[in-house]
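Fold and geometry: a report
Here is what each chain is made of, one letter per residue.
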Amino acid sequence: MSELHPSPVKRLAQQLDKLSHAIGTTLSWLTLAMVLLVALIVILRSLLGIGSIALQESVVYLHATVLSLCLGFNVLHDKHVRVDVFYNRFTTQQKAWIDALGGVVFLLPFALFLAFVSLEFTLNAWQIRETSADPGGLPLVFVLKTLLPLAGALLAVQAFSNVAKAIIRITWD
């Protein structure tokens, strides 16, 4: 197929890849915020004797955000866990088959399972406006729990893109 006029499926996969990449590169800046917050927590505690549960929970929230919402970014850039003992020896066609089957059999079902199973859990947290159990903690546990269905949805988006690209490689390469 001509690269000058990619198929609608390939164009969709490219747009989904751009979304995953944009989310990952944007959220990667939160790791700098985590480092600065941890440094602040250490300085406040060790030099001034001041502790803050809200600051400590902020680090956890940032970490959970990066970890959850960058799953698709990791899959896009092939940084996920894979047993490469055999995969590296496969031809491009064989790799495409493994990627397509792995996406359809494992990745996409897991992503959709995560999104759907966590939805009721998240909605319940929103209904009661769940807050931290710790005094002085952040009152945003319900927002934090929203990361679960979002993570599943974003991972499913990238899984779909990867499966589509693998099928294109199988059929057109």
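Structure: see above.
Because the structure is predicted, anything quoted here is derived from the model rather than measured.

**Notes on the overall build of the protein chain**
Assigned secondary structure in the protein chain consists of eight helices and zero strands. Counting helices and strands in the order they occur from the N terminus, the protein chain gives α-α-α-α-α-α-α-α. Radius of gyration (C-alpha) of the protein chain: 20 Å, far over the 16 Å computed for a compact globule of 173 residues. Once the C-alpha set of the protein chain is aligned to its principal axes, its extents read approximately 65 × 35 × 35 Å. Looking at the protein chain residue by residue over its 173 residues, the buried ones come to 33%. Side-chain charges of the protein chain comprise 12 positive and 10 negative groups, with the mean position of each set lying 6 Å from the other.

**What about the nonpolar core?**
If you look at the biggest cluster of nonpolar residues, it comprises 12 residues: Leu27, Met34, Leu37, Ile41, Val59, Leu62, Ala64, Val66, Leu69, Cys70, Leu147 and Leu154. Among the secondary structure elements, those contributing two or more residues to this core are α2 (29-48), α3 (53-69) and α8 (147-172). At five residues, the largest contribution of residues to this core is made by α3. Apart from the residues within four sequence positions on either side, Leu147 is in contact with Ala64, Thr65, Ser68 and Leu69.

**Some words on the packing of aromatic side chains**
One pass over the structure, following the stated rule, counts one aromatic pair. Here Arg129 stacks its cationic end above the ring of Phe142, 5.4 Å away from the centre of that ring.

**Thoughts on the packing of α2 against α3**
One way to put it is that α2 packs onto α3 with a least axis distance of 9 Å and a crossing angle of 160°. In terms of orientation, α2 and α3 fall into the roughly antiparallel class. Crossing of α2 over α3 shows left-handed handedness. Contacts from Leu30, Thr31, Ala33, Met34, Leu37, Val38, Leu40, Ile41, Leu44 and Arg45 of α2 reach α3 at Leu55, Gln56, Ser58, Val59, Leu62, His63, Thr65 and Val66. Among the residues forming the contact of α2 with α3, the class breakdown is 12 nonpolar, five polar and one charged.

**Regarding the pattern of salt bridges**
If the charged atoms of two oppositely charged side chains come close together, the side chains can form a pair. Taken as a whole and assessed by the stated rule, the structure comprises three salt bridges. With its nearest N and O atoms 2.7 Å apart, the salt bridge here joins Lys145 to Glu130. Of the two residues, Lys145 sits in helix α7 (residues 141-145) while Glu130 sits in the loop between α6 (92-127) and α7, which places them 15 residues apart along the sequence. Judged by its relative accessible area of 22%, Glu130 is partly exposed.

**Concerning the environment of Tyr87**
You can see Tyr87 is positioned in helix α5 (residues 84-87). Look at Tyr87 and you get buried, because its relative accessible area is 10%. Residues Tyr87 and Gly51 lie 36 residues apart in sequence; the distance between their C-alpha atoms is 49 Å. Those residues in contact with Tyr87 that sit more than four places away from it in its chain are Arg82, Lys95, Ile98 and Asp99.

**A word on the side chain of Ser58**
By the element assignment, Ser58 lies in helix α3. Judged by relative accessible area, which is 19%, Ser58 ranks as buried. If we ignore the near neighbours within four places in the chain, the residues touching Ser58 are Leu37 and Leu138.

**Regarding the environment of Val104**
Tracing the sequence through the fold places Val104 in helix α6. Residue Val104 is classed as partly exposed on the basis of its relative accessible area of 48%. The sequence separation of Val104 and Val163 amounts to 59 residues, and the corresponding C-alpha distance is 7.0 Å. If near-sequence neighbours (up to four positions away) are discounted, Val104 is found in contact with Pro109 and Val163.

Cut-offs applied
- Residues numbered from 1 in each chain as written.
- Predicted model: local features only at pLDDT ≥ 70, side-chain atom pairs only at ≥ 80, totals over all residues.
- Heavy atoms only, no water.
- Helix = DSSP H or I, 4+ residues; strand = E, 2+ residues; numbered from the N terminus.
- Rg over C-alpha atoms; globule rule 2.2 N^0.38 Å.
- Buried < 20%, exposed > 50% of the residue type's maximum accessible area, 1.4 Å probe, protein only.
- Lys, Arg positive; Asp, Glu negative; His and termini not counted.
- Charge placed at Lys NZ, Arg CZ, Asp CG, Glu CD.
- Core = buried A, V, L, I, M, F, W, Y, C linked by side-chain atoms within 4.5 Å.
- Contact = heavy atoms within 4.5 Å.
- Phe/Tyr/Trp six-rings, centres within 6.5 Å; stacked < 30°, edge-to-face > 60°.
- Lys NZ or Arg CZ within 6 Å of the ring centre and 35° of its normal.
- Axes fitted to C-alpha atoms, helices over the stretch in contact; angles between N-to-C directions.
- Parallel < 35°, antiparallel > 145°, perpendicular 65-115°, else oblique.
- Left-handed = near helix turned anticlockwise from the far one by under 90°.
- Nonpolar A, V, L, I, M, F, W, Y, C, P; charged D, E, K, R; others polar.
- Salt bridge = Lys/Arg side-chain N within 4 Å of Asp/Glu carboxyl O.

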